[in-house]
Amino acid sequence: MIVHLFVPCLANDLYPAAADATARLLARAGCEVRYDARQTCCGQAGWNAGDAEAARRAARHAASLFPGPHPVVGPSGSCVAFMREHYGELAGDPGLAGRVFELTEFLHRRLGWKPQGRLPATVAYHPSCHQARALPDRESPLALLRAVPGLRVFPLEEECCGFGGYFFAKMAPVSEALAAEKLRRIRATGATRVVSTDSGCLMNLETTARKLGIPLEVSHVSELLLEAAEAAR
Amino acid sequence: MSARSFLANLRRRLGDPTLSATLSRSLAGTRAKRAHAVEAIEGYEALRDAASAARDLPAARREELVDAFAKAARAGGFRITHAATAAEACAAVGAILAARGVTRVVKGKSMISEEIGLNEALARGGVEATETDLGEWIVQLRGEAPSHITAPALHLNRDQVRETFAPLGYAGTNDPATLAGFAREKLRAEFLSAGAGICGANLALADAGRILLVENEGNGGLVTSCPPVLVILAGIDRIVATLDQALLAHRLLTANATGQAVNAYTHLLSGDGAQERHIVLVDNGRRALLASPFAPAAACIRCGACMVACPVYARTGGHGYGAIYPGPIGIAIARHLLRPGGDDPLPYLCTLCGRCDEVCPVKIPLSRLVVARRGETGSGKGIHERLAFALHARLCERPALYHLAGRIGRALVRLLSSCGGARLLARLRVKVPPARSFRDACGDLFRDSSRTRGNGGGDA
């Protein structure tokens, strides 16, 4: 199956390992992965800041890079949910909504893929708001993580980490307070590594932990699944 | 409010450990009670749909309801005054009180009276107003605004309540029942001596011309029966067509506001009887709201569930918003009902997590409305922010430039980090990016394998 690799802007610039793992996992699952390097931002950044025109420009450009009928798969519950909800109107591409998928959703629900390998580790899982409520898919990331032999997963309460796109910068003190609360919850699980399906959450938690001097490793769910699979060899 | 003072206020709230502890405790309790109450309602989703359909009416239909209600209420003995603005509404209440020589009033809980600044207006006219809802009375004694629309003193713990009562002669413990007993004692004298009662309206019934008032403390019953004159303030958005619709909204209201299957006292007030009863029907931006893209927000039944569910509200409390209506619904209606001056950063006090959309009993698309508020002029984005977003949008269409900018940005941050700026970056929560982006590093991935890279990189 041919699959377009969708690389969210935050993953591209700040968490390239998440995009890399996404491509490799899709390949392992038997997909022929196509990547168009002209991708920039899906448009959600502008949209959430109230700039519909900015969102339209970005969305039209992004949609033009994903010709049908192939599925579009990317490591972000948030961006994918945004594309599903708004690309019909913003990009004039109503068909895209039906073939754009978040990575774990695609692997678990579409392909019925099972994690390979083994990973003796303990992680906290942060369900991103848009993964859980906008996409919505609460099940897939946890189902895949729980199917990894050796991996202990502590799902965190479904509560915003305080990223919120432009909110992260515009309301920085509040964003930081929310992240600090999330870090307390993570610490309470005993895990020193947190995984999620959205780079925005990872960046918020990583930078806040760094500021507060809290040791924390952040990983995208895709990185963890790839780590397990590669450990199998 | 300027962005600077808005953030300064937020920092003050966030830095208050007592407030944090109080919010955590009381919101956890309210969330659990609400969830339990909602689960217990059979066919809850269908009720939400029905209530949403009944509340989300076109502006023309609303006008019909206003006329029908005014006519029926008048026929039932109410005296009706229409007020277009907050000032007109305050003046109307003032005139009613002046005509009867009233100088002391008791008030039931009413958010619209907070919205129009009634207590301050009455004070300027020499009328002393005493709040009788326990939470409202507490915040009034402290000179504060309510921090939640149904639980005004949600931001306070029992020790703070005891301290608030101490100047009035309270010498007891922080036991809630004892504190409430003291308040009851003090307020009883007010009920008996007041020249008029003032309250709000949860719903107004167009068919029956009656007002539905929901409360739990019994103060509403006293306010609406003890004094010889009663003035009810009702926003025109409170009007529903029928008793059935009112009861449906009432059911959703109690479950979502306080987590109750049924509240303690529900009054269905008519205009007949010994009391002189007035209704002031207030517009104050509601007609403009109804005619705007934000009209869905007029369906709100003021349960406050969106605030209780909101992760931001849970950290800042209601006072962090600097607006009488806090939380997601507050952001959605503020510009119409409260008309903040200048550049207002309020719409950005939201992470767009979507929890409010999930809990709103009448399905107001709150986070969509918050985003729409951000799109309005004067919504707190400075010129540099507008330019940055405009530039970003243009770069998005030009991949080569976009990624060149990314490369430069990454290099600069990495340079700063390695030249003594690491602590500054940490303080600003700037992530030090890896040397290469996925795009710049993935060449091998797509060359070495049999995977295709598509037509990528064309113009880069």
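Preceding this paragraph is the structure being described.
Residues numbered from 1 in each chain as written. Chains lettered and ligands numbered in written order. Predicted model: local features only at pLDDT ≥ 70, side-chain atom pairs only at ≥ 80, totals over all residues. Heavy atoms only, no water.

Caption draft 1: Local environment of the interface of chain A and chain B. If you look at the interface, chain A gives 65 residues, while chain B gives 61 residues. Summing both partners gives a buried area of about 5,400 Å² for chain A against chain B, and 60% of it is carried by carbon and sulfur. On the chain A side of the interface with chain B, the three residues burying the most area are A:Tyr35, A:Arg57 and A:Lys170, jointly 12% of the side's total. Ionic pairing is found between A:Lys170 and B:Glu385, a salt bridge with its closest N-O pair at 2.9 Å. The interface formed by chain A and chain B includes 24 residue pairs in polar contact (both at pLDDT 80 or more). In terms of residues, the side of chain A that touches chain B owes the most to one element, helix 10 (residues 172-189) of chain A, which gives 9 residues. (Contact = heavy atoms within 4.5 Å. Buried area = accessible area lost by both parts, 1.4 Å probe. Salt bridge = Lys/Arg side-chain N within 4 Å of Asp/Glu carboxyl O. Polar contact = N/O pair within 3.5 Å; in protein donor to acceptor, adjacent residues only side chain to side chain. Helix = DSSP H or I, 4+ residues; strand = E, 2+ residues; numbered from the N terminus.)

Caption draft 2: Quick peek at the pattern of salt bridges. Under the defined criterion, the tally for this structure stands at 48 salt bridges over all chains. Residue A:Arg185 pairs with A:Glu181 through a salt bridge whose shortest N-O separation is 2.9 Å. In this pair, A:Arg185 and A:Glu181 are both assigned in helix 10, 4 residues apart and thus about one turn of the helix distant. By relative accessible area, which is 39% here, A:Arg185 ends up partly exposed. Using a relative accessible area of 17% as the deciding quantity, one classes A:Glu181 as buried. The closest approach of N and O atoms between B:Glu64 and B:Arg61, which form a salt bridge, is 3.0 Å. (Buried < 20%, exposed > 50% of the residue type's maximum accessible area, 1.4 Å probe, protein only.)

Caption draft 3: Layout of the environment of A:Val123. Among the secondary structure elements, A:Val123 is positioned in strand 5 (residues 121-125). In this structure A:Val123 touches A:Leu151, A:Arg152, A:Val153, A:Phe154, A:Ala191, A:Arg193, A:Val195 and A:Leu224, once residues within four positions along its chain are discounted.

Caption draft 4: Structural context of the packing of helix 4 (residues 52-64) of chain A against helix 19 (residues 383-396) of chain B. For the pair helix 4 of chain A and helix 19 of chain B, interaxial distance at closest approach is 8 Å and the crossing angle is 15 degrees. What the angle tells us is that helix 4 of chain A and helix 19 of chain B run roughly parallel. With respect to the hand of their crossing, helix 4 of chain A and helix 19 of chain B are arranged in left-handed fashion. On helix 19 of chain B, the residues that touch A:Ala54, A:Arg57, A:Ala58 and A:His61 of helix 4 of chain A are B:Phe389, B:Ala393, B:Arg394 and B:Cys396. For the contact of helix 4 of chain A with helix 19 of chain B, the class distribution of residues is 5 nonpolar, 1 polar and 2 charged. (Axes fitted to C-alpha atoms, helices over the stretch in contact; angles between N-to-C directions. Parallel < 35°, antiparallel > 145°, perpendicular 65-115°, else oblique. Left-handed = near helix turned anticlockwise from the far one by under 90°. Nonpolar A, V, L, I, M, F, W, Y, C, P; charged D, E, K, R; others polar.)

Caption draft 5: Seen up close, unusual backbone geometry. Looking along the chain, the bond that leaves A:Gly68 and enters A:Pro69 is cis, with omega of 5 degrees. Between A:Leu135 and A:Pro136 the backbone carries a cis peptide bond, its omega angle lying at -25 degrees. Tracing the chain through its elements places A:Pro136 in the loop between helix 7 (129-134) and helix 8 (139-146). Phi at B:Arg339 is positive, roughly 45 degrees, even though this residue is not glycine.

Caption draft 6: Seen up close, the state of the cysteines. Applying the stated criterion to the full structure yields 0 disulfides over all chains. Just so you know, B:Cys90 is unpaired, no disulfide at all, and the nearest cysteine sulfur is the one on B:Cys199, 16 Å from it. Sulfur of B:Cys353: no disulfide; nearest cysteine sulfur belongs to A:Cys129 and is 4.6 Å away. (Disulfide = S-S within 2.5 Å.)

Caption draft 7: Region of interest: the nonpolar core. A:Tyr87 and B:Ile279 are the most contacted members of the largest nonpolar core, which has 140 residues in total. Excluding anything up to four places from it in sequence, A:Tyr87 contacts A:Cys42, A:Ala59, A:Ala62, A:Ala63, A:Phe82, A:Gly92, A:Asp93 and A:Leu96. Counting 39 residues, the second largest nonpolar core, distinct from the first, contains A:Ala23, A:Phe101, A:Leu145 and A:Ala228. (Core = buried A, V, L, I, M, F, W, Y, C linked by side-chain atoms within 4.5 Å.)

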